[in-house]
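What the coordinates show
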Amino acid sequence: MSSPATIPPDADLVSRALRGDADAFDVLVRRHYRTAFAVALGVLGNRQDAEDVVQDAFVKAVDRLEDCREPSKFVQWLMMIVRNRALSHRTYRKIRETSELVPEIAEADDSPFVDAARSELADTLQSALATLSEVQREIVLLHDMDGWTHKDIADSLEITEVRSRQHLFVARKLLRERLGPSLLREYSNE
Amino acid sequence: MNEELPTDLSALDPTHPPLAFAHRVKNVRTAASGALRKRRTVAPLAMVAHWRVPLLAALFLLMIASAALFRSVQGDTGIETVGTDEVADALGASSVLGDGDDSPSATPADILLGGYEQ
C-alpha cells in the first residue's frame with residue numbers, strides 16, 4: 001500500500017516538469033496515459049491513431065505547460081489537448097503504413113499466442129465500439145476501462161451525471177448486442 | 001441486467017502488457033526530450049524573466065528618487081543654471097556676438113558698474 005507521501009500530486013509533478021524534470025514528466029505520462037488514450041480512442045475509434053494522438057498530445061502538453069493554469073487539474077487540461085488533437089487528426093486523417101505496428105508486436109511480453117488472441121479481441125472490441133456514437137464511446141471507455149465516476153465524466157464532458165449514466169447504459173447494451181455476453185465482465189461490486 | 005455491468009475492455013487497455021506500455025512511455029519521453037531539455041536550459045533565465053517586471057518597476061522608482069535627490073542637493077548648494085549670454089559676457093565676447101549694435105562698445109563691466117553713459 002502506498003502512502004500519500006510516495007505519490008506526488010499532479011501539481012508537484014507539473015511544477016517539476018516545468019523545470020525540465022524528465023522523471024516527473026514520466027510519472028505524469030504513466031499516470032494519465034490510459035485516460036488520454038480513452039479520450040483519443042473515443043474520438044477516433046482506432047487504436048493506432050489514438051496512440052499517435054496521445055503521444056502528440058503529451059509532447060504538446062510539455063511544450064505548453066505554462067498554459068496549464070491549474071496544475072492540480074492537469075488531467076482535465078490534458079484531455080482538452082487530446083480531444084483537440086484527435087479532432088484535428090480525424091479531419092486530416094491519412095492512411096497509415098502497417099510497419100508502424102512492428103515495434104510494439106516485437107516488444108510484447110506475452111507468448112505469441114496470447115498476443116494474437118489479445119490483438120484479435122482488441123480488434124473485435126474496436127469494431128464494436130465503432131458502432132457507438134462518439135460520446136457513448138468516450139463514456140464507456142472512461143468508465144469501464146479507466147474507472148472514472150459519472151461525476152468526473154459529467155464534469156469533463158460538460159453534461160449531467162444522469163446523461164452520462166444514460167449514455168453508458170445504451171453503450172453497454174449496444175456492445176452486448178454486438179459482442180455477446182461472453183465479453184462482459186461480471187462484476188459483483190458494481 | 002447485463003447492461004448494468006461493466007464491459008470488459010481490458011484488451012484495449014494501453015497500459016497492458018507492461019512491456020508494451022513501457023515502450024509507449026519511452027516513445028513519448030523520446031518525443032518530448034527536446035522540449036524537456038529546452039526547459040532545463042531555460043529554467044534559470046525564466047527565473048529572471050519571472051522577476052523582470054518587479055525589477056523594472058524598482059529601477060524606475062530608483063530613477064525617480066535619484067532625480068528628486070539631485071534636485072534637492074542642487075537647491076541646497078545654490079548652484080544655478082548659467083545661461084549662454086552670461087558666459088559670453090564673462091568672456092567679453094558679448095560685443096562680438098551681439099545684436100549688431102554699432103554704437104561705441106560698452107563692456108558688461110561698464111554696464112554693471114554704471115560707468116557707461118551713451
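Residues numbered from 1 in each chain as written. Chains lettered and ligands numbered in written order. Predicted model: local features only at pLDDT ≥ 70, side-chain atom pairs only at ≥ 80, totals over all residues.

**Re the overall build of chain B**
Counting secondary structure elements, chain B contains 4 helices and 0 strands. Ordering the α and β elements of chain B from the N terminus gives α-α-α-α. (Helix = DSSP H or I, 4+ residues; strand = E, 2+ residues; numbered from the N terminus.)

**So, the overall build of chain A**
For chain A, the helix and strand inventory stands at 9 helices and 0 strands. In sequence order, the secondary structure elements of chain A are arranged as α-α-α-α-α-α-α-α-α. Here chain A holds 190 residues, and the buried ones make up 35% of them. Taking the contacts inside chain A whose residues are at least 6 apart along the sequence as the reference set, 68% of them involve residues at least 24 apart. (Buried ≥ 20, exposed ≤ 12 C-beta atoms within 10 Å, placed from the backbone. Contact = placed C-beta atoms within 7 Å.)

**Some remarks on helix α7 (residues 134–145) of chain A**
Residue and element names in this part refer to chain A. Spanning 12 residues, α7 covers 16 Å between terminal C-alpha atoms, matching the ideal 16 Å at 1.5 Å per step. Counting buried positions over the 12 residues of α7 gives 10, a clear majority of the element. Three or more residues of α7 are buried, namely Gln-136, Arg-137, Glu-138, Ile-139, Val-140, Leu-141, Leu-142, His-143, Asp-144 and Met-145. Gly-147, located one to two residues past α7, shows a positive phi value of around 75°. (Expected span 1.5 Å × (residues − 1).)

**Digging into the packing of helix α8 (residues 150–157) of chain A against helix α9 (residues 161–179) of chain A**
Residue and element names in this part refer to chain A. Put simply, α8 and α9 touch, their axes get as near as 8 Å, and they point 105° apart. The pairing of α8 with α9 is recorded here as roughly perpendicular in orientation. Listed contacts from α9 to His-150, Lys-151, Ile-153 and Ala-154 of α8 are Glu-161, Ser-164 and Arg-165. Residue classes in the contact of α8 with α9 are distributed as 2 nonpolar, 2 polar and 3 charged. (Axes fitted to C-alpha atoms, helices over the stretch in contact; angles between N-to-C directions. Parallel < 35°, antiparallel > 145°, perpendicular 65-115°, else oblique. Nonpolar A, V, L, I, M, F, W, Y, C, P; charged D, E, K, R; others polar.)

**Considerations on the nonpolar core**
Nonpolar side chains tend toward joint burial in soluble globular proteins. Within the largest apolar cluster, 50 residues are counted, with the highest numbers of intra-cluster contacts made by A:Ala36, A:Ala40, A:Val54, A:Ala57, A:Phe58, A:Val62 and A:Val82. When contributions to this core are tallied by element, the ones reaching two or more residues are α1 (10–18), α2 (22–44), α3 (47–63), α4 (74–91), α6 (112–130), α7 and α9 of chain A together with α1 (18–50) of chain B. It is α2(A) that provides the largest number of residues to this core, a total of 13 residues. When neighbours within four sequence positions are excluded, A:Ala40 is seen to be in contact with A:Ala50, A:Val53, A:Val54, A:Val82 and A:Ala86. (Core = buried A, V, L, I, M, F, W, Y, C linked by C-beta atoms within 7 Å.)

**Some thoughts on unusual backbone geometry**
Residue B:Pro17 is bonded to the preceding B:His16 through a cis peptide linkage, with omega at -5°. Within the fold, B:Pro17 resides in the segment before α1. The backbone of A:Glu158 sits at a positive phi, close to 55°, despite the residue not being glycine. Mapped onto the fold, A:Glu158 is located in the loop between α8 and α9.

**Observations regarding the confidence of the model for chain A**
Residue and element names in this part refer to chain A. Looking at chain A, pLDDT values average 84 and 81% of them are 70 or higher. Per-residue pLDDT, averaged within each element of chain A, yields its smallest value for helix α5 (residues 102–106) (46) and its largest for α2 (95). Confidence drops under a pLDDT of 50 for residues 101–106, and excluding neighbours within four residues, the segment shows 5 contacts in the predicted structure. In this model residues 186–190 is a low-confidence stretch, pLDDT under 50, and it forms 5 contacts with partners more than four residues away in sequence or in other chains. (pLDDT = per-residue confidence, 0-100.)

**Some points on the packing of α2(A) against α4(A)**
Residue and element names in this part refer to chain A. In contact at an axis separation of 9 Å, α2 and α4 are set at 40° when each is read in the N-to-C sense. Regarding α2 and α4, the two cross each other, and that crossing is right-handed. Mapping the contact onto sequence places Leu-28, His-32, Thr-35, Ala-36, Val-39, Ala-40, Val-43 and Leu-44 in α2 and Phe-74, Val-75, Leu-78, Met-79, Val-82, Arg-83, Ala-86, Leu-87, His-89 and Arg-90 in α4. (Left-handed = near helix turned anticlockwise from the far one by under 90°.)

**What about the environment of A:Asp49?**
All names here are of chain A. Note on placement: Asp-49 falls in helix α3. Using a count of 19 C-beta atoms within 10 Å as the deciding quantity, one classes Asp-49 as partly exposed. Taking C-alpha positions, Asp-49 is 8.8 Å from Arg-90, a pair spaced 41 residues apart along the chain.

**Comments concerning the confidence of the model for chain B**
Looking at chain B as a whole, the pLDDT averages 76, with 57% of positions reaching at least 70. Both scores are available for the predicted complex, with the pTM at 0.66 and the ipTM at 0.76.

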